[in-house]
Each structure stands twice: as structure tokens, then as C-alpha cells.
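Residue strings, one per chain:
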Amino acid sequence: MNDRLRIARIQGFAFRSPIADPVLTSFGIMKDRPAVFVRIEDRDGCFGWGEIFANWPAAAAEHRVNLLVRDVAPFAFEHAFSHPEQMFELLTSRTEIVALQSGEWGPFRQVIAGLDIALWDLFARRNGQTLRHYMNAESPDVVPAYASGIHITDAEALIPKSREFGFSAFKVKVGFNMEDDLALLEQAFDTKAAADTIAADANQGWTEDAALSFITSTRGLPLEWLEEPIRADADPTAWAALSRASPYPLAGGENLVGFDEFDSAVQRAHLRIFQPDIIKWGGITGCLRVGQNVQAAGLRYCPHFLGGGIGLQASANLLAAVGGDGLLEIDANPNPLRDAFGSIKTCILDHGWRCNSEPGIGIVSVPEELTKYETHKAEVLSPMHL
């Protein structure tokens, strides 16, 4: 179906799931697992689901729901859409001045990303196709995946546990204490299975000198990649120096925003692995284009993701549509806001994530079991729907 549609209703839902063990990164601690889900509905009652980034700061989730319904959603009612890309362009343009005035570029981009995912889901559902097949008829049903979010101090326990789920690729978090990081990383390689691969993520935790020291000390380790060893916005000369020194690929992209930034990074090729996050910037519209450009440049597209089940299914569908040998990121830590939509145990098949077979991203509603975690919700109707 290619007829134009108008959005009639937009709803936002914030959730927080308590966790027994905080998730540690080099820059902060997650003491609960938040998620913000967005539902849009057109005048015919067809709907789509998206997700909005809410991991950081700690107070983000409820704020994003309010920003969605009070500041961004009204613009989505202004036009009819014949393709989901049109709303991304409209909302980006219409919110530029208020984002500049408030200094809240990230939150606005994240809300737009969630709405964009939801509209793509709606269009695919209206067409009776999975999201990936709506984008690319040749998309596979299973995408390669790796277990992520493994703190280096937990690697000894979590890598074998993740292997039992069906993973053979893993990513550990470093960037804490250099001496301990190096010792534990060597231990992880000493005890890994023959088919295992291991990557490392420093979460922007080091200076250039510290990153060079880590690279020098790990030359003998076959790291799959080293992710964000320095600040994402560091001078390109610093990234170039690390790229020249590193025997393994550098990765990043979750903290890049906009087509210009990604285009420049692809051209420089200091990063060999690109990791845009669909709920943080770009949604499907932005990250599909970035993924295709990365592939065309002979680089690797491995989408970043650390959120709930809606964004994960959308990310998996996007990776399937883009193609290539990239891996889907699956957080190895417990997360009810993800697992209620399809647990790791049921979705991992032959080292890969099994995508949905139902239209869109395959999600009709938020599972009832998550109601107890809901902290805020709001909705707004189109003036023409009142």
C-alpha cells in the first residue's frame, strides 16, 4: 500500500525494572533498567511500535515521555505521509530551533528516532510484511549476534553462561583499572572455546595515551574489535593515530549523530566497524542509510543496542535488511523489559537472532507482565481526531 496516511494518536510509556546487580560502565552505573516505548496509530486504526533511548541520564525515561507528547508529537499530525522517511525529515526540521534553544539535542533526536521506528513498523504492518522484508525483500530471517554488556570482572562466569544460550561471540567492558583489565582480558582469552571471538568496549574511558598503552599491551590478543577507546568527539588525528597503531579494528558510532558526522567518519575510515543505535539517533530512516553507506565503503555495520525488546527487534530487522557480516548486539545481563518480548533463550538460533515472522517487528502490545514496571504514560490525539 502506498496511499498517504495521517497519524491520529501517539502514546508514550516509561518503564523501570529493578535489577539485583548494577550495570557498570567506565562513565556510570545503571541501577535499574529503563525503557520508553512509543505507539502510534493512524486514522484507520493501524498501529506501530517504537522505542526511545532512556539509559542515560538516570532521570531520562519519564522526561522522554513528556517530551514526546508535549513537544514533538504535535508536529507529526501536521502532514500525511506516503513513506516513513518523510516524518523523520519533518520532525528533524521542525524541532531544530527548540532543541537549540533548550540545548537538548540528544533528547529530541531520541524521541524522533522512536517515532520513526514506530512509523516504519506501521507502514510494514499495513503492507502485511515484516519490517525487514518491507525494506529489503531478500532479508534473511536470522542475523548473527553476540553477547554484550559483560563487565570484565564477570567474564569468567558470564561468557560460559552466554555460550550455553548459543553465543560464540562476546564483548567485555573495560576502561576501569588498566592493570586489572589487561590481566582479566588475557584470562578470558586463555579460557575461551576455540570457536569464540572476544571484543572489548572502553566506553570512551581513556585518554589517547592510555588507549595507546592498552593497544600496545594487547597486540598479541586477537581482539575482534576495540570499541570507543577514547571520546567519540576526540580530534580525528587522535583516532587516526590509534587506528594506525592498532592491530585490530576500532569500532564506534553509538555516539555519532547526523548524516554529515557518519559520512565524514566513513570517509576517514579510522573506524572499521560502525555501530549506530536506532533508538539514540536516526531510527530506521537514519541508520538504514548509514548502514548502506558503511557496507558500500567496505566497512562493517554492527548496530549498537542496549535497551528493551521493541528496539531490539527493530535493530535485528534493520541489520537483516542492510545485510553483510555484521553482528547484532544482545545484552547478556537480565532485562525483563527485553525478555518479555522474546527471551534470549528462545530467540538465539545457531549463534544468531531469529527475527519475527509476523508483520512489522512482530509486536502487537506491551506484555501484561510489564505493567508493574510502568512509571509514567501519556498520550496525545491529533486535533482532527478529537
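Residues numbered from 1 in each chain as written. Predicted model: local features only at pLDDT ≥ 70, side-chain atom pairs only at ≥ 80, totals over all residues. Heavy atoms only, no water.

1. Here's the deal with the layout of surface pockets
Logical step 1: For the largest pocket, the calculated volume is near 470 Å³.
Logical step 2: If you go around the largest pocket, you meet 26 residues; those closest to its centre are Asp21, Leu158, Ala332, Asn333 and Pro334.
Logical step 3: Elements that contribute at least two residues to the lining of the largest pocket include exactly strand E1 (7-24), strand E4 (142-151), helix H6 (155-165), helix H13 (336-339) and helix H14 (344-347).
Logical step 4: Looking at the lining of the largest pocket, the element that brings in the most residues is E1, giving eight residues.
Logical step 5: Considered class by class, the residues forming the lining of the largest pocket number 12 nonpolar, six polar and eight charged. (1 Å grid on protein atoms, 1.4 Å probe; cavity = no way out; pocket = protein on both sides within 12 Å on 5 of 7 lines; lining within 4 Å. Points joined across faces, edges and corners; volume = space filled by probe spheres on them. Helix = DSSP H or I, 4+ residues; strand = E, 2+ residues; numbered from the N terminus. Nonpolar A, V, L, I, M, F, W, Y, C, P; charged D, E, K, R; others polar.)

2. Comments concerning the pattern of salt bridges
Logical step 1: For the structure shown, the criterion picks out 20 salt bridges.
Logical step 2: Between arginine 125 and aspartate 121 there is a salt bridge, with the nearest N and O atoms lying 2.9 Å from each other. One end of the pair is arginine 125 and the other is aspartate 121, both in helix H4 (residues 105-126) and four residues apart, which spans about a single turn. The residues arginine 125 and aspartate 121 share a single accessibility class, namely buried.
Logical step 3: A salt bridge links lysine 171 to glutamate 227, with the nearest nitrogen and oxygen atoms 2.8 Å apart. Taken together, the positions of lysine 171 in strand E5 (residues 169-173) and glutamate 227 in strand E7 (residues 226-227) put the pair 56 residues apart, joining distant regions of the chain. Both residues of the pair, lysine 171 and glutamate 227, belong to the buried class.
Logical step 4: Linked by salt bridges that have partners in common, Lys171, Lys173, Asp201, Glu227 and Glu329 make up one network. (Salt bridge = Lys/Arg side-chain N within 4 Å of Asp/Glu carboxyl O. Buried < 20%, exposed > 50% of the residue type's maximum accessible area, 1.4 Å probe, protein only.)

3. A few points about unusual backbone geometry
Logical step 1: Residue proline 57 follows tryptophan 56 across a cis peptide bond; omega there is -10°.
Logical step 2: Here proline 57 shows up in the loop between strand E3 (47-52) and helix H1 (60-76).
Logical step 3: Phi is positive for glutamine 204, which is not a glycine, with a value near 65°.
Logical step 4: A relative accessible area of 27% means that glutamine 204 is categorised as partly exposed.

4. Overview of the packing of helix H11 (residues 283-296) against helix H12 (residues 309-322)
Logical step 1: At a minimum axis distance of 10 Å, the contact between H11 and H12 shows a crossing angle of 35°. Considering the relative orientation of H11 and H12, their crossing is right-handed. Side by side, H11 and H12 meet where Ile284, Cys287, Leu288, Gly291, Gln292 and Gln295 of the first sit next to Ala314, Leu318 and Val322 of the second.
Logical step 2: Split into classes, the residues belonging to the contact of H11 with H12 amount to six nonpolar, three polar and no charged. (Axes fitted to C-alpha atoms, helices over the stretch in contact; angles between N-to-C directions. Left-handed = near helix turned anticlockwise from the far one by under 90°. Contact = heavy atoms within 4.5 Å.)

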